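# Observations on the three-dimensional arrangement
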Amino acid sequence: MEPVFRSLEIAARLVVGATGTRISFRGLDNLPATGGAVIAINHTSYVDFLPAGLAATERGRRMRFMIKAEMEQVKVVAFLIRHTGTIPVDRGAGAGAYAAAVAALQAGEIVGVYPEATISRSFELKDFKTGAARMALEAGVPVIPLIVWGAQRIWTKDNPKSLGRSKIPVTVMVGTPIPATGSVAELDDAVRAGMSSLLDQIQQDYPAPAGAYWVPRRLGGSAPTLPEAKRLDEAELAERARKRAERSDRK
């Protein structure tokens, strides 16, 4: 039954209702009714996990997400991690999280993974990490591409939040399962191609106001280009490193 997870599902639907967010789901039949699968999700927002997770709920499944281990420092989040099958990832030593994810997949769970690792400021697909492909190959389960579009309008990097009753439409599209075959590089390429195709389809059907911050530059928006976004990411990482060094020096 997983009462904590059930409570979160109810809370998520209440939040969606309170904000007027209109989530539409496409391709839900591509999520397996049973058995393990890696769900490869694009990452444009701090809240895109919610519509992705609700897609699994619509299919009668519960998605186990991988989350930054630092979040365990927040007591409420640590409680939720322990009671929802969430997999904390220590980026400095990720072997334990990787093994836990493979074990969950082999036990028949669906595990949500962000191949881009961090939010894409350009709202285009960034370079992928190979974890999703490696997990799928080791566990012998398919990778299922899943795209969330519109959540970047609610809360993303470098832009104001829109957490009130904004009635923002969000689309979730699930693609055809990709069998875990070939090399890591070959499977990774196939996953990227599948996600790119879905992203293009969603963007064709979604409004794209000229100059909007949440619209990719190639579609007439004002979002950073991929190279510009990469420079912003590098500057952010450098600033974090500087702050860590300062804290270390004070000790």
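Per an unreviewed UniProt entry, the chain carries the name 1-acyl-sn-glycerol-3-phosphate acyltransferase and comes from Mycolicibacterium frederiksbergense.

## Structural notes on the pairing of strand β6 (residues 143-149)
Judged by how many residues are buried, β6 sits mostly within the fold: seven of seven residues are covered. Alternating residues of β6 divide into Val-143, Pro-145, Ile-147 and Trp-149 and Ile-144, Leu-146 and Val-148, and every residue in both groups is buried. Direction of pairing for strand β2 (residues 37-41) relative to β6: parallel, over a ladder of four bridges. Across the sheet, residue Ile-41 finds its bridge partner in β6, namely Leu-146.

## A word on the pattern of salt bridges
This structure, assessed with the given rule, holds 19 salt bridges. Taken together, the shared-partner salt bridges connect Arg-121, Lys-126, Lys-157, Asp-158, Asp-233, Glu-236 and Arg-240 into one network.

## Comments concerning the packing of aromatic side chains
Across all of its chains, the model carries three aromatic pairs by this definition. Measuring from centroid to centroid gives 5.0 Å for Tyr-46 and Trp-155, while their planes differ by 50°, and the two rings are tilted. Pair noted here: Tyr-46 is in the loop between β2 and α2 (49-58) and Trp-155 is in the loop between β6 and β7 (169-174), with a separation of 109 residues, a long-range link. By relative accessible area, Tyr-46 is classed as partly exposed at 38%. Judged by centre distance (5.8 Å) and plane angle (85°), the rings of Tyr-206 and Trp-214 are edge-to-face.

## Side note on unusual backbone geometry
The phi torsion of most residues other than glycine is negative, and most of the peptide bonds are trans. If you check the backbone angles, Ala-117 has positive phi at about 75° while not being a glycine. As for its position among the elements, Ala-117 is in the loop between β5 (110-113) and α5 (131-139). Classification of Ala-117 by relative accessible area gives partly exposed; the value is 29%. The phi dihedral of Lys-167 is positive, around 55°, even though this residue is not glycine. Mapping Lys-167 onto the fold places it in the loop between β6 and β7. We classify Lys-167 as partly exposed; its relative accessible area is 45%.

## Description of the pairing of β2
Regular strands place their side chains on alternate faces of the sheet. Taken across its five residues, β2 has five buried, putting it largely inside the fold. Of the two faces of β2, the one lined by Ala-37, Ile-39 and Ile-41 and the one lined by Val-38 and Ala-40 are each fully buried. The pairing of β2 with β5 spans four bridges and is classified as parallel. For Val-38, the partnering residue across the bridge sits in β5 and is Val-111.

## A short note on helix α6 (residues 184-205)
With 22 residues, α6 ought to run about 32 Å at 1.5 Å a step, and its terminal C-alpha atoms sit 32 Å apart, in line with that. Buried-residue contacts for α6 involve β2, α5, β6 and β7.

## With respect to α5
Three or more residues of α5 are buried, namely Gly-131, Ala-132, Ala-133, Met-135, Ala-136 and Ala-139. Taken together, the buried residues of α5 touch β2, β3 (63-68), α4 (95-106), β5, β6 and α6. The positive-phi residue at the C-terminal boundary of α5 is Gly-140, with phi of around 70°.

## A short note on the sheet that holds strand β4 (residues 87-89)
The seven strands lie next to each other as β1-β7-β6-β2-β5-β3-β4, forming an open sheet whose pairing is mixed. Two strands close off the open sheet at either side, each with one partner strand: β1 (22-26) and β4. With direction set aside, neighbouring strand axes in the sheet form an average angle of 25°. Strands β1, β2, β3, β5, β6 and β7 of the sheet are contacted by α2, whose axis makes an angle of about 55° with β1.

## Comments concerning the environment of Glu-58
Structurally, the position occupied by Glu-58 is in helix α2. When the C-alpha atoms of Glu-58 and Phe-25 are compared, they prove to be 8.8 Å apart, with 33 residues separating the residues in sequence. Apart from the residues within four sequence positions on either side, Glu-58 is in contact with Arg-13, Phe-25 and Leu-28. Within the structure, the side chain of Glu-58 is placed 3.0 Å from the side chain of Arg-13, a separation counted as a polar contact.

## Details of the packing of helix α1 (residues 3-19) against α2
Think of two packed helices as two axes; the pair is described by the angle between the axes and how far apart they sit. Taken N-terminus to C-terminus, the directions of α1 and α2 make an angle of 120°; their axes are 11 Å apart at the nearest point. Considering the angle they form, α1 stands oblique to α2. Here the hand of the crossing between α1 and α2 comes out left-handed. For the pair α1 and α2, contact is made by Glu-9, Ala-12, Arg-13 and Val-16 and by Leu-50, Leu-54, Thr-57 and Glu-58, respectively. Here the residues of the contact of α1 with α2 are counted per class, giving four nonpolar, one polar and three charged.

Conventions we followed
- Residues numbered from 1 in each chain as written.
- Predicted model: local features only at pLDDT ≥ 70, side-chain atom pairs only at ≥ 80, totals over all residues.
- Heavy atoms only, no water.
- Buried < 20%, exposed > 50% of the residue type's maximum accessible area, 1.4 Å probe, protein only.
- Helix = DSSP H or I, 4+ residues; strand = E, 2+ residues; numbered from the N terminus.
- Pairing = 2+ DSSP bridges.
- Salt bridge = Lys/Arg side-chain N within 4 Å of Asp/Glu carboxyl O.
- Phe/Tyr/Trp six-rings, centres within 6.5 Å; stacked < 30°, edge-to-face > 60°.
- Expected span 1.5 Å × (residues − 1).
- Contact = heavy atoms within 4.5 Å.
- Axes fitted to C-alpha atoms, helices over the stretch in contact; angles between N-to-C directions.
- Polar contact = N/O pair within 3.5 Å; in protein donor to acceptor, adjacent residues only side chain to side chain.
- Parallel < 35°, antiparallel > 145°, perpendicular 65-115°, else oblique.
- Left-handed = near helix turned anticlockwise from the far one by under 90°.
- Nonpolar A, V, L, I, M, F, W, Y, C, P; charged D, E, K, R; others polar.

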